[in-house]
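Spelled out from the first residue to the last, the chains are:
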Amino acid sequence: MTPAITRAPARRGPQGLALRFKLCILLVALLSLASYTLAEGNVALCLALWAAASAGWMVTEWRSGWGIPRWVTTILLMIMLIGLVVRAWSGMAPVSSFATFLSAVMVLKLWERRALRDYSQILTISLFLVVGAALTSNGFVVGVTFLALAPVLVITLILHQLFVGAVRVSGRVHGSDSTDWKPLRGSVLRAGSFALATALVIATGIFIAVPRGVGLLGQPPERGALGGRTTGFVSEVRLGVGGIISQSPSPVLELRLTDQTGDRLMGAPGQRYYLRGIVLDT
């Protein structure tokens, strides 16, 4: 009696190494979108972009490479580019305009049927969104998103290199993946931990060595000064501004004191005149 030959049901979606990498891609996209939208203080936009990005990932990755054709995304990209020019022309801040445009491009990329180079583009867009968030706000919530994004981004970059090698061997970006994850897990975690520790040491050294409050690194310099603050009689005082303190030779006041008859009063040892200028009450 000949035994029946059965075929195991095909599994849809990424497997093995590809599954970990593509899940990390989604996490990087979501965290970078959150960092910028929360820097803008727009929680509703954050939730809307999260929903659109997650749906796009499910369609294109979990359904084995389905997605919007590239010619459609090219048309949509041109429309968004025109919208960027209009928003910039209307007076919107350049960083906000560009980061909003990148957020839309990120979601569009997650809906597009991706080639190998598209994953690199998603990672690059994520880094630009993080820069835009850092230039927009230094709030606590934004800092938390940075802390959450850093390890995920490092691991994703390592997995990206492994994924590129696996794709070049198999010749397929989508579909099942035969690369076993277990032998790679320890090496990936060790490499990621070493990269994070090294980056922390370098960032700490830069934070200590580079002065803050000068030029682009902090508050804008006072007019006429090379950076930081300048001495003189001003109408406001900005507390916490560091950097170089420059002396200003500009005269503060020209004063002539006379008595009731118009004769000039001359100073004498021990004689002082107290003058009050601007009173700051805030």
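Residues numbered from 1 in each chain as written. Predicted model: local features only at pLDDT ≥ 70, side-chain atom pairs only at ≥ 80, totals over all residues. Heavy atoms only, no water.

Turning our eyes to something else, we now look at the overall build of the protein chain. The helix and strand tally for the protein chain stands at seven helices and two strands. Reading the secondary structure of the protein chain in the N-to-C direction produces α-α-α-α-α-α-α-β-β. Within the protein chain, the fraction of its 282 residues that count as buried is 29%. Long-range contacts, defined as pairs at least 24 residues apart, comprise 67% of the intrachain contacts of the protein chain with a sequence gap of at least 6. Accessible surface computed for the protein chain: about 18,900 Å², of which carbon and sulfur atoms make up 66%. (Helix = DSSP H or I, 4+ residues; strand = E, 2+ residues; numbered from the N terminus. Buried < 20%, exposed > 50% of the residue type's maximum accessible area, 1.4 Å probe, protein only. Contact = heavy atoms within 4.5 Å. Areas by Shrake-Rupley, 256 points an atom, 1.4 Å probe, with all protein chains shown as cover.)

Attention now moves to the nonpolar core. The biggest cluster of nonpolar side chains holds 42 residues, and the ones touching the most others in it are Leu33, Met106, Leu129 and Leu159. Among the elements that take part in this core, helix H1 (residues 16-39) stands out by supplying 13 residues, more than any other. If near-sequence neighbours (up to four positions away) are discounted, leucine 33 is found in contact with Leu49, Trp50, Ala53, Ser103, Met106, Val107 and Leu129. (Core = buried A, V, L, I, M, F, W, Y, C linked by side-chain atoms within 4.5 Å.)

Turning next to the confidence of the model for the protein chain. Looking at the protein chain as a whole, the pLDDT averages 78, with 81% of positions reaching at least 70. Low confidence marks residues 1-13, where pLDDT is under 50. Its contacts with residues over four positions away, or in another chain, come to eight contacts. Between residues 214-227, whose pLDDT stays under 50, and residues either more than four places distant or in other chains, the model counts 26 contacts. (pLDDT = per-residue confidence, 0-100.)

On the surface, Phe233, Val234, Val237, Leu239, Val252, Leu253, Leu255, Leu275, Ile278 and Leu280 cluster together into a nonpolar patch covering about 1,000 Å² of accessible area. Among the secondary structure elements, leucine 239 is positioned in the loop between strand S1 (229-230) and strand S2 (245-246). (Patch = residues over 30% accessible without salt bridge, like charges linked within 9 Å, V, L, I, M, F, W, Y side chains within 5 Å. Salt bridge = Lys/Arg side-chain N within 4 Å of Asp/Glu carboxyl O.)

Another aspect to go through is the packing of aromatic side chains. Inspection of the entire model under this criterion finds five aromatic pairs. Seen in terms of ring centroids, phenylalanine 98 and phenylalanine 128 are 6.5 Å apart; in terms of plane orientation they differ by 90 degrees. Their pairing is edge-to-face. With phenylalanine 98 in helix H4 (residues 94-111) and phenylalanine 128 in helix H5 (residues 116-136), this pair connects stretches of sequence that are 30 residues apart. Among the aromatic residues, those joined into a ring-pair cluster are Phe21, Tyr119 and Phe163. (Phe/Tyr/Trp six-rings, centres within 6.5 Å; stacked < 30°, edge-to-face > 60°.)

A separate point is the packing of H1 against helix H2 (residues 43-62). Contact pair H1 / H2: the axes reach a minimum separation of 9 Å and the direction vectors enclose 165 degrees. Regarding the angle of H1 to H2, the classification is roughly antiparallel. With respect to the hand of their crossing, H1 and H2 are arranged in right-handed fashion. Contact residues: H1 offers Leu19, Lys22, Leu23, Leu26, Leu30, Leu33, Ala34, Thr37 and Leu38, while H2 offers Val43, Leu45, Cys46, Leu49, Trp50, Ala53, Ser54, Trp57, Glu61 and Trp62. (Axes fitted to C-alpha atoms, helices over the stretch in contact; angles between N-to-C directions. Parallel < 35°, antiparallel > 145°, perpendicular 65-115°, else oblique. Left-handed = near helix turned anticlockwise from the far one by under 90°.)

This part covers the pattern of salt bridges. What the rule picks out here adds up to two salt bridges. In this structure, the salt-bridge partner of lysine 109 is glutamate 112, at a minimum N-O distance of 3.3 Å. The pair formed by lysine 109 and glutamate 112 is uniform in burial state, with each residue classed as buried. The residue aspartate 118 makes a salt bridge to lysine 109 at a minimum N-O spacing of 3.0 Å. You'll find aspartate 118 and lysine 109 in the same group, each marked buried.

This part takes up the side chain of aspartate 118. With respect to the element layout, aspartate 118 can be found in helix H5. Among the residues examined, aspartate 118 registers a relative accessible area of 0% and is labelled buried. Those residues in contact with aspartate 118 that lie beyond four places of it in its chain are Arg70, Lys109, Glu112 and Arg113.

Between two packed helices, what matters for the description is the angle formed by their axes and the separation of those axes. Two elements in contact, H1 and helix H6 (residues 140-170), have axes separated by 8 Å at closest approach and are oriented at 150 degrees. For the element pair H1 / H6, the angle class is roughly antiparallel. When you trace H1 past H6, the crossing you get is left-handed. Its residues assigned to classes, the contact of H1 with H6 comprises 22 nonpolar, five polar and two charged. (Nonpolar A, V, L, I, M, F, W, Y, C, P; charged D, E, K, R; others polar.)

To continue, consider the side chain of threonine 145. Structurally, threonine 145 is set in helix H6. With sequence-adjacent residues up to four places away left out, threonine 145 is seen in contact with Ser35 and Leu38.

This part covers H5. The end-to-end C-alpha separation of H5 is 31 Å, in line with the 30 Å expected for 21 residues at 1.5 Å each. Among all positions in H5, only Asp118, Tyr119, Ile122, Leu123, Ile125, Ser126, Leu129, Val130, Gly132 and Ala133 are buried. (Expected span 1.5 Å × (residues − 1).)

Below, the discussion takes up H6. In this model, H6 (31 residues) spans 44 Å end to end at C-alpha, consistent with the 45 Å of a helix rising 1.5 Å per residue. Of all the bends in H6, the largest measures some 30 degrees and sits at leucine 149, one to four residues before the proline proline 151. (Bend = angle between axes of the 7 residues up to and from the residue.)

On to the environment of tyrosine 119, then. For tyrosine 119, the position within the fold is in helix H5. The exposure class assigned to tyrosine 119 is buried, which follows from its relative accessible area of 0%. When the C-alpha atoms of tyrosine 119 and histidine 160 are compared, they prove to be 8.1 Å apart, with 41 residues separating the residues in sequence.

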